[in-house]
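The residues making up each chain are set out below.
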Amino acid sequence: MLEKLRAYIRERELVRPGDRVGVAVSGGADSVGLLRGLLELRDELGVVLSVVHFNHKIRGAEADADEEFVRQLAARFGLDFHGDSGDATMHAREHKLSLETAARELRYGFFRRLLTNGVLDKVATAHTMDDQAETVLMRLVRGAGTKGLAGIYPVQKVGEASIVRPMLAVRRREVEGHLRALAQDWREDPTNRDLRHLRNRVRHQLLPLLEREFNPGIAEVLSNLAQMAREEQEQRQREVESLLPRVFTSSGEEGGVIRRDALEQHPVATRRRLLRAACEALGIRTEFEHIDGLLRLCSSKGSKGKTFELPAGWRARVAEPELLLEKACKHRQPRDYEYPLPVPGEVRLEETGSLVRARVAAGNQALDRHALAAKLVIRNWRPGDRFWPAHSKGPKKVKELLQEKGVPQAERAAWPVVVSNGIIVWVRGLGPPAEFVCDGEGVVIEELASG
C-alpha cells in the first residue's frame, strides 16, 4: 500500500513540501489507513499533518463514539484535531435531499471552510480504487457520458487550496492488510452493509460478481476507464470553452441564442457538448434526451416556430437562422412538493387533489415493511428519478414510464411518488418495485379521491 500511495502522490504532485494537510478521518479503515500511510511518508513529503473529522449526527451515540476514536487517534500521534458537526437528517429534510447527499454537502462544506479560511492548504480524503470502481459502475447503471464516467477526480480545487485523493490507486483490501500489519484498529459503520443503498449493493453484490465471474481485475479496469474519461473530458472541455462564444450568446435570465449555421460546422460529438454547455450556462440541467432533441431541432429544415421542451420551464424555439433558448412560461411549472408519509397514516395532496394513505395489510401490492425506512416521503417525481416495477426487466426513468403510460404532459409534473431512503418505492398507477415486493403482510400505499 505504502509504495502505491507514495507513487500516486509524487506522480500527480498532490502535495508540496510545507503544505498543511488535513487528513479527513471518519474512523473507518480507509481513512485510518490514509492517516497511517501519510504519517509514515510525512518526513519525506515534508508536510504538516492534522486530522479533520465531521460528525453527521446520523447514528447517535455510535457517531459520537466514532468522533472520540478519531480525536484520540490524533492525540496519540500528536496531531491537531479539526472537528465539526451538523444534523444531516435535518439538512436533508430542509433542502429535499437524500441523506447521503445531505451528509456530503455538510462534510465538504466544512472542508471548504478550513481551506478558504487559510487553516489548511490541502484536505486529503481516503477514496480508494474500489470507491472509484463503484462510482463508475453506479453512473454507468444510471446512465452517464464521458463526464460521469470520469468518476472521482484526484484533485478538486478550492480557490488556491484543494481537496486531494491520494489513495485512488490502492485497493481497500490492501489498506486493511496494512492496518492489520500495524495492529491498528478502526471503526465499522453498520450502514455500509445496508443493501437498501445503491452504493452498498454495487460494493457487496455487483462488483464482487464482476470480479468472480467476468474479470478479477475489473476494479483496475474501471479505474483506468475513469482516468481516460477524465483526460478526454478535460481536453474536450478546453475545446468547448474556446468554441462556445462563436456558437452561443447568453442573455442571462432571459435566455440565449444558438447560431445553427456555426453549430453545424462541427462533428456531432462536439455539437452535443456545445449544446450542453449552452444549457449549463443558463442553469438548465439536461439529460441525453434533451440534447438529442436539441440536435434534431437544430438540424431540421423549414422548422421556424417549432419548439422543444427543456427542464425547469425552459424551451428551445426555432427562429431562422437561430435557435432560441427561452423561458416557456414563468408560471408553467408547478412547484415541487414533499411531505412525510407516516406508516400507518395519510397525506392530503393539495397539488393533486387526492389523499394518499399508507396502511399495514396483506396483498399483491404490499411492500416489505422490513426493507422500508422508518419514515417515508411523498413528493412529485423529479428529473433523473428511476423506478423498477415488478415483472419488468430493469429500472427506467419515471419520465419514460409516464410517457409509456400516456399521462398527459400537463399532469406529469405533479405526479406523486413515495420514497424510502432515496429509493422510489411507489409511483401512482404502477406496480410495486421488484426489490420491495413481499408475499405476506406489508405496507400498502393507495391513492383516494380527496373529499
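Residues numbered from 1 in each chain as written. Predicted model: local features only at pLDDT ≥ 70, side-chain atom pairs only at ≥ 80, totals over all residues. Heavy atoms only, no water.

1. Describing the sheet that holds strand β1 (residues 20-24)
Two modes of strand pairing occur in sheets, parallel and antiparallel, and in both the strands are linked by backbone hydrogen bonds.
No. 1: On the basis of which strands lie adjacent, the open sheet formed by six strands has the order β3-β2-β1-β4-β6-β5 and mixed pairing. On the outer flanks of this sheet lie β3 (80-85) and β5 (155-158), each paired with one strand and no other. Neighbouring strand axes in the sheet, compared pairwise and without regard to direction, differ in orientation by 25 degrees on average.
No. 2: Its contacts with the sheet put helix α3 (residues 61-76) on β2 (48-55) and β3, and the angle it makes with β2 is roughly 170 degrees.
No. 3: Seen against the sheet, helix α5 (residues 99-116) touches β1, β2, β3, β4 (122-124), β5 and β6 (161-164) and runs at an angle of roughly 145 degrees to β2. (Pairing = 2+ DSSP bridges. Helix = DSSP H or I, 4+ residues; strand = E, 2+ residues; numbered from the N terminus. Axes fitted to C-alpha atoms, helices over the stretch in contact; angles between N-to-C directions. Contact = heavy atoms within 4.5 Å.)

2. Description of the pattern of salt bridges
No. 1: Going through the model one piece at a time under the given rule, you end up with 42 salt bridges.
No. 2: In this structure, Arg12 and Glu11 form a salt bridge, with 3.5 Å as the shortest nitrogen-oxygen distance.
No. 3: The exposure class of Glu11 is exposed, given its relative accessible area of 60%.
No. 4: Of the charged contacts, one joins Lys396 and Glu404 as a salt bridge, the two residues approaching to 2.1 Å between their closest N and O atoms.
No. 5: On the accessibility criterion, Lys396 (27% relative accessible area) is partly exposed.
No. 6: A relative accessible area of 54% means that Glu404 is categorised as exposed.
No. 7: Residues participating in the shared-partner salt-bridge network are Asp30, Asp131, Glu134, Arg172, Arg199 and Arg203. (Salt bridge = Lys/Arg side-chain N within 4 Å of Asp/Glu carboxyl O. Buried < 20%, exposed > 50% of the residue type's maximum accessible area, 1.4 Å probe, protein only.)

3. As for helix α9 (residues 198-213)
No. 1: Along α9, the sharpest change in direction is near 30 degrees and occurs at Leu206; proline Pro208 comes one to four residues later.
No. 2: All of the buried residues in α9 are Arg199, Asn200, Arg201, Val202, Arg203, Leu207, Leu210 and Glu211. (Bend = angle between axes of the 7 residues up to and from the residue.)

4. Topic: the sheet that holds strand β8 (residues 256-259)
No. 1: Taken in spatial order, the five strands make up an open sheet running β7-β8-β11-β10-β9, and their pairing is antiparallel. In this open sheet, the two edge strands, each paired with only one partner strand, are β7 (248-250) and β9 (307-309). Going from strand to strand, the sheet's axes swing by 20 degrees on average, the running direction of each strand aside.
No. 2: Bridge count between β9 and strand β10 (residues 314-319): three bridges; the pairing is antiparallel.

5. Side note on helix α1 (residues 2-12)
No. 1: Where α1 is concerned, the buried positions are Leu2, Leu5, Arg6, Tyr8 and Ile9. Projected onto a plane normal to the axis of α1, the buried residues spread over an arc of 165 degrees and lie on a single side. Every exposed residue of α1 that faces more than 90 degrees away from the buried side is listed here: Glu3 and Glu11.
No. 2: Here the buried face of α1 lies against α2 (29-45).
No. 3: Just downstream of α1 lies Glu13, where phi reads positive at about 50 degrees. (Arc of directions from axis to C-beta.)

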